[in-house]
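Chains, contacts and geometry: an overview
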Amino acid sequence: MGMVRRRTRRRTMLVAGGVAYAAGRRARQGDEPEDEQGYEEDEQGYDAPPPAPPPPAAAAPADDATSELERLASMHDSGVLSDEEFTAAKAKVLGT
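What you see is a predicted model, and the numbers here were worked out from it, not measured in a lab.

Counting its secondary structure elements, the protein contains four helices and zero strands. Along its sequence from the N terminus, the protein presents helices and strands in the succession α-α-α-α. Classification of the 96 residues of the protein by burial places 4% in the buried group. Accessible area of the protein: about 8800 Å², with a carbon and sulfur share of 57%.

For the rest of this paragraph, the subject is helix α4 (residues 83–94). In this model α4 runs 16 Å from its N-terminal to its C-terminal C-alpha over twelve residues, within 8% of the 16 Å that 1.5 Å per residue would give. Remark: glycine 95 follows α4 within two positions and exhibits a positive phi of approximately 80°.

Attention now goes to the confidence of the model for the protein. Residues of the protein with pLDDT of at least 70 account for 62%, and the chain-wide mean is 75. Averaged pLDDT values for the elements of the protein fall to 50 in helix α2 (residues 37–42) and rise to 92 in α4.

What counts and what doesn't
- Residues numbered from 1 in each chain as written.
- Predicted model: local features only at pLDDT ≥ 70, side-chain atom pairs only at ≥ 80, totals over all residues.
- Heavy atoms only, no water.
- Helix = DSSP H or I, 4+ residues; strand = E, 2+ residues; numbered from the N terminus.
- Buried < 20%, exposed > 50% of the residue type's maximum accessible area, 1.4 Å probe, protein only.
- Areas by Shrake-Rupley, 256 points an atom, 1.4 Å probe, with all protein chains shown as cover.
- Expected span 1.5 Å × (residues − 1).
- pLDDT = per-residue confidence, 0-100.

So this is what it looks like as structure tokens:
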């Protein structure tokens, strides 16, 4: 009995799809009722999306270097960086 139900459901969907297809063809040919005329006018196109916001401004290089040196100093004070590592990292941040 399951096969019959599936076949019936499929036939129903095919009929419904055929009705929708025919309605679409009528709409393209201009045979649609007066109350549906506004739909075509609304579908002319979308407005252009607003431009993307500009990327956030980068922090000033002096602030960036200062915060990096403070971070390195705190790592050096806590013992994460040795004296040699701290000196090398500091030179790299300062560009010397």
